[in-house]
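These are the residues of each chain, in order.
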Amino acid sequence: MIKIKYLVSLAIGLIMVFVLQTISYLNWLLVDQDVINGIRDQYLFLKTPLMIIPVLFISYFIYGLRSKKTKD
């Protein structure tokens, strides 16, 4: 059985990716409708260093899966 902390780590990572993608889309939408000035890139936040944080959470989940397999 996977420990709960690894599943929580996966959930946090996926939620953070969803939030970043939503913010990126809303930013693109506002720029596209000329509400604000900026770069017209739907995936801008996915290209920033901010993506390292959710990747670390998801990596911890993968580490938990692999360490569990080696113990069995």
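This is a predicted model, so every value here is computed, not measured.

Trainee: I would appreciate a short explanation of the overall build of the chain in the present structure.
Mentor: Each helix and strand counted, the chain has 2 helices and 0 strands in total. Here the chain has a C-alpha radius of gyration of 17 Å; the compact-globule value for 72 residues is 11 Å, and the former is much larger. The principal-axis extents of the C-alpha atoms in the chain amount to approximately 55 × 15 × 10 Å. Per-residue burial for the chain yields a buried fraction of 18% across its 72 residues. Sequence-distant contacts in the chain: of pairs separated by 6 or more residues, those separated by 24 or more amount to 57%.

Trainee: I'm lost on helix 1 (residues 4–32) in this one. Help?
Mentor: Think of an α-helix as turning once every 3.6 residues; residues three or four places apart then point the same way. Look at helix 1: 42 Å from first C-alpha to last across 29 residues, which is about the 42 Å you get at 1.5 Å a residue. Residues of helix 1 that are buried: Tyr6, Ser9, Gly13, Leu20, Ser24, Trp28 and Val31. Directly after helix 1, the chain includes Asp34, whose backbone phi takes a positive value near 60°.

Trainee: What am I meant to see in the packing of aromatic side chains here?
Mentor: What characterises a pair of aromatic rings is the spacing of the ring centres plus the angle enclosed by the ring planes. A complete count under the given rule lists 3 aromatic pairs for this structure. Ring geometry for Tyr25 against Trp28: centres 5.6 Å apart, planes inclined by 35°, an arrangement best described as tilted. With Tyr25 and Trp28 both in helix 1, this residue pair falls 3 residues apart, about one helical turn. Classification of Tyr25 as partly exposed rests on a relative accessible area of 38%.

Definitions and cut-offs
- Residues numbered from 1 in each chain as written.
- Predicted model: local features only at pLDDT ≥ 70, side-chain atom pairs only at ≥ 80, totals over all residues.
- Heavy atoms only, no water.
- Helix = DSSP H or I, 4+ residues; strand = E, 2+ residues; numbered from the N terminus.
- Rg over C-alpha atoms; globule rule 2.2 N^0.38 Å.
- Buried < 20%, exposed > 50% of the residue type's maximum accessible area, 1.4 Å probe, protein only.
- Contact = heavy atoms within 4.5 Å.
- Expected span 1.5 Å × (residues − 1).
- Phe/Tyr/Trp six-rings, centres within 6.5 Å; stacked < 30°, edge-to-face > 60°.

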